[in-house]
Amino acid sequence: MVLNGVIDVPSLAGARAHIALERLAAEALTAHDFATALKYADRRIRVAPPPAAHCFVLRAEAAWRLGFSEAALFDLARALLVDPSDVGANRRMLAWAADDQRLAAATQLICREGNPAILRAAIAELRRAGGRHWAACSVFDNHVTGWVAWTNALPVEVSLAIEDGTLTSILEPNPFHPLASADVQATTFLVRRPPSKTAQIVTLRCGEDVIQVRRVAPNLASTMNLRATRDPATRIGSNVDLPTVIVPVYGDARATIECFKSLDKARRPRGSGKDAFQVLAIDDASPEVELQRHLSELATTGKIRLLVNTVNLGFVGAINRALKEVRTGDIVLLNSDTLVPPGFVDRLADVAHSAPNIGTVTPLSNNGDIFSFPTPNDVNPMPRYDEIVAIDRVASAANAGHAIDVASGIGFCLYVTRACLDSVGELSDNFERGYLEDVDLCLRARANGFRNVCAPSVYVGHHGSKSFQEEKRGLVLRNLGILDQRFPNYREECRAFEIADPLRPARAALERALPWPAEPSVLVLAGERTCPAVTEARIRHLRLDGERTILLSWEQDVLHLRATDGGLPQATRLRLDAEAGRAEAGDLLTRLCPTRIEILDPNPSPRLTEWIGGLDLPVDRWLLSASIGEIASLPPHTTPLLVPSKSAKAFAQERWPNREIVLHDWPTGSLTLPPISASHKSLVIVPATPSPASLRMIRTLADRLWRREPSLPIVIAGTTCGDDRLMSRPNLFVTGAVAADELGEVLTPHNPGWILTDFEQPIFGHPLVEAAKQATRPVAYCDWSGGALKPRKGDLAIPAIVNAAGLADLVVDWIAGS
């Protein structure tokens, strides 16, 4: 296939296929072929690697031009989730969206947009919201330059704080500046930077208002070693060798006050009359009076030492100022939105000093990326303080003495030994505020021979993202780019870590020792041959019925337990190859208060079947595929066979006429499509699974249809085992992975005239297949009922006994005769 003679479809095969898709979508937009642009952009989003923000912008632009405004705005929102600072997404959001979204887009564009017309529109939007001044600046080694616009007659000054003082300039408005108007003054500025090994601070003020504060990285190389900046005579007080907990503070008074309360309770372990650590708080120019007052009271009573920044230095600036004050002893970097349990510093210290080469230690948390419990890399609910103490108490026993190596720690609670700190020095000034500076420190420590470990015997509660909220994603993305330059293998190492999951045994030990919810639950057994989409559909149905579900996944003689509501258990695994293991498994399942077990696995192993039989639980055996050998061996009336559809019931009654078959209709989503356009109709194929048999069938049909109707497009709604090979064929397009609830949205641009689905082998209850069979289009499918069910008018019920060639011929004749 050729699009405007630029790129042909065979280029869509291979490792760089995603780049070709993006180019095809962009070229189609340029040619005003918006339907084609939508198809290519949509596929790009559904295939690997994960789409960047601009991929969603491409699809949004095509959708907007086709009149799908709601879908376009949804895609812009998704683009901004990926990268909140993406200029293309924010430009369109400013032009297309409603008030709140326009305001957020205008805020982002002020700092990044270079087009004066768009900047004027952004300023107008911010003025309507009450804004009075705006600025943007760019930092270079020798200077800082930018622009500033304001609405009153007060002068604007720009200052650069350096080691020896402050350089200040008064800015004169320029009436010819592109952003100037009758009621908006504007000008550009340039501030020379003297050489410095420390960070500098740029401040723009208009009268008493601070327009912008920007901390800029040093422009001279630095060893980043604290020893070079120490005054050995300086001390923090009498407790010079105690660990110091450093807490930078800016906002969220309620969470911060609770954090300091928990620190006060944790200060003296039971049975000890001495402090286990000292606390150094940094008020980073907090705007909250209540918070300022509380910190001052704590400092006055001697519970903390307090540093106050006159201007906001950001996370790095605040921490580095604190590090210069702490001359001896280990440190703990602690976020102000955490809750800590008693004794947490002592136990982190025990792990840190259990080996001479350990540099940093991170505890478990509800919200700590790879350190999250019970579900890793997820935001688990924040427990109450008493719950945190209870979980930590169990963890201290279940995982006592464990130190598990990790690539890097995380600064929500990061213990750093003095030897490590002396080796790596302060946090890097090259990162945007708040994210990945801690990872950079840990990776530098590792490069210097120190280990980063997790202490699963300690659990700390963490609200997460209290400081930056929706800014987090953009900050992380920008800082990842810096981290990639310094440690190019870090991301791959993180992916390998997540796959290996070395923290799983520690999480499993903790969750086994904790009490599990006493709520009744349904055990759902799925195996390696169970279709994941069918399993997910059944779990969703049970959840809608108000039943708690525990998924039992059987894989290579190991039973994985996972509560689908995110609660306990998540990491527990059971082996059934020994009597002791089977007894332990039975005891653990009893803790789940099971009411019954539903078997979705089409052919469970004899060992598993025997073990289930001894559980003394009601068993619901579902027929969801043709591979169900165990049913055939059971005596009639031993157990009823549950089926999710009339087609499945007819299939079962034909194969096992003497067995009791019980129909429980699963909810099926409807698939409504717009009226068929007279021209350029396509055949849509909806495969159930990406199997070799499915691929052979599609290729056979494509060959036959090409000879009969060479101009008829074929669209595969989903994925196959050979997307690249299929996409190299003329008139054949593969959308990529599709969910049942978005099938209509995906198919609409392709103008489907006919749909083929459910043609590989019986898979009953598949949400995508069942939705396709209900489409407002003629549908062809294999008739697994053996003729017992009458097809709809215009549908093609294909006999189940035909081979691939016969099925292809029937479908081709059906299309030709329509």
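Read on for an overview of the structure.

Cut-offs used in this document
- Residues numbered from 1 in each chain as written.
- Predicted model: local features only at pLDDT ≥ 70, side-chain atom pairs only at ≥ 80, totals over all residues.
- Heavy atoms only, no water.
- Helix = DSSP H or I, 4+ residues; strand = E, 2+ residues; numbered from the N terminus.
- Contact = heavy atoms within 4.5 Å.
- Areas by Shrake-Rupley, 256 points an atom, 1.4 Å probe, with all protein chains shown as cover.
- Lys, Arg positive; Asp, Glu negative; His and termini not counted.
- Charge placed at Lys NZ, Arg CZ, Asp CG, Glu CD.
- Polar contact = N/O pair within 3.5 Å; in protein donor to acceptor, adjacent residues only side chain to side chain.
- Pairing = 2+ DSSP bridges.
- Axes fitted to C-alpha atoms, helices over the stretch in contact; angles between N-to-C directions.
- Salt bridge = Lys/Arg side-chain N within 4 Å of Asp/Glu carboxyl O.
- Buried < 20%, exposed > 50% of the residue type's maximum accessible area, 1.4 Å probe, protein only.
- Core = buried A, V, L, I, M, F, W, Y, C linked by side-chain atoms within 4.5 Å.
- Disulfide = S-S within 2.5 Å.
- Expected span 1.5 Å × (residues − 1).
- Arc of directions from axis to C-beta.

1. Topic: the overall build of the chain
In terms of helices and strands, the chain carries 27 helices and 32 strands. For the chain, the C-alpha atoms occupy an extent of roughly 90 × 75 × 40 Å along the three principal directions. Taking the intrachain contacts of the chain between residues at least 6 apart in sequence as the baseline, contacts between residues at least 24 apart amount to 67%. Just so you have it, the chain exposes about 36,100 Å², and 52% of that area is on carbon and sulfur atoms. Between the centroid of the 87 positive side chains of the chain and the centroid of its 94 negative side chains there is a distance of 2 Å.

2. Re the side chain of Asp392
Relative to the helices and strands, Asp392 resides in helix α12 (residues 385–398). Side-chain polar atoms of Asp392 contact the side chain of Arg347, separated by 2.5 Å. Excluding its chain neighbours within four sequence positions, the residues that come into contact with Asp392 are Pro341, Pro342, Arg347, Ser457, Val458 and Tyr459.

3. Describing the sheet that holds strand β4 (residues 143–150)
Taken together, the three strands give an open sheet; going across it, the order is β3-β4-β7, and neighbouring strands pair in antiparallel fashion. Edge strands, defined here as strands with exactly one partner in the open sheet, are β3 (133–139) and β7 (185–192). Mean inter-strand twist for the sheet, computed between neighbouring axes without regard to direction, equals 15°. Of the pairings in the sheet, the one linking β4 to β7 comprises eight bridges and is antiparallel in character. Residue pairing for β7: His143 is matched across the bridge by Arg192.

4. Some remarks on the side chain of Ser691
Looking at where Ser691 falls in the secondary structure, it is placed in the loop between β27 (682–686) and α23 (692–708). A distance of 3.1 Å separates a polar atom in the side chain of Ser691 from the backbone nitrogen of Ser694. The residues touching Ser691, leaving out its near neighbours within four places in the chain, are Cys721 and Glu760.

5. Describing the pattern of salt bridges
Taken as a whole and judged by the stated rule, the model has 42 salt bridges. The salt bridge involving Glu125 is made with Arg102; its shortest N-O contact spans 2.7 Å. Of this pair, Glu125 sits in helix α7 (residues 116–128) while Arg102 sits in helix α6 (residues 99–112); the two residues are 23 residues apart in sequence, bridging distant segments of the chain. For Arg486, the salt bridge is made with Asp440, and the minimal N-O distance between the two is 2.8 Å. Taken together, the positions of Arg486 in helix α15 (residues 472–486) and Asp440 in helix α14 (residues 437–447) put the pair 46 residues apart, joining distant regions of the chain. Overall, the relative accessible area of 30% leaves Arg486 in the partly exposed class.

6. Let's talk about unusual backbone geometry
That bond from Ala48 to Pro49 is cis: its omega, -5°, falls within 30 degrees of zero. By the secondary structure assignment, Pro49 is in the loop between α2 (34–46) and α3 (53–65). Residue Pro569 is bonded to the preceding Leu568 through a cis peptide linkage, with omega at 0°. In this structure, Pro569 sits in the loop between β21 (558–563) and β22 (573–575).

7. Observations concerning the sheet that holds β22
The eight strands are arranged β22-β21-β20-β19-β23-β24-β25-β26 in an open sheet whose pairing can be described as mixed. Two strands bound the open sheet, and with one partner strand each, they are β22 and β26 (661–663). On average, adjacent strands in this sheet sit at an angle of 30° to one another, irrespective of strand direction. Where strand β19 (residues 521–527) meets strand β20 (residues 548–555), seven bridges bridge the pair, whose relative direction is parallel. The partner of Leu525 across the bridge, within β20, is Leu552.

8. Re the nonpolar core
Judged by nonpolar contacts, the single largest core of 84 residues is most densely connected at Trp147, Leu683, Ile685, Leu701, Leu756 and Val811. Among the elements that make up this core, the one with the highest residue count is α3 (eight residues). In this structure Trp147 touches Ile110, Leu119, Ile123, Trp134, Ala135, Ala136, His177, Leu179, Thr187, Thr188 and Phe189, once residues within four positions along its chain are discounted. In this structure, Ile358, Trp516, Leu523 and Leu561 belong to the second largest nonpolar core, which totals 76 residues.

9. Quick notes on the state of the cysteines
Tallied over the full model, the rule gives zero disulfides. Of all cysteine sulfurs, the one in Cys111 lies closest to Cys137, which takes part in no disulfide; the gap is 8.2 Å.

10. Remarks on the pairing of strand β15 (residues 358–365)
Taking burial as the measure, the eight residues of β15 include eight buried ones, the bulk of the element. Where β15 meets strand β18 (residues 451–462), seven bridges bridge the pair, whose relative direction is parallel. From the neighbouring strand, Ile358 faces β18, where its bridge partner is Arg451. By the bridge criterion, two bridges tie β15 to strand β17 (residues 413–416) in an arrangement that is antiparallel. By the bridge assignment for β17, Val361 is matched with Tyr415.

11. As for helix α9 (residues 289–300)
Relative to the 16 Å expected for twelve residues at 1.5 Å per residue, α9 spans 16 Å between its end C-alpha atoms, a close match to the ideal helical length. Within the span of α9, buried status applies to Leu291, His294, Leu295 and Leu298. Take α9 and look down its axis: the buried residues cluster within an arc of 95°, on one side only. Of the residues in α9, the exposed ones pointing more than 90 degrees away from the buried face are Val289 and Thr300. The elements touched by buried residues of α9 are β10 (244–249), α8 (253–266), β11 (278–283) and β12 (305–308). Just beyond α9, the residue with positive phi is Gly302, at close to 80°.

Distances and angles like these do not, on their own, reveal function.
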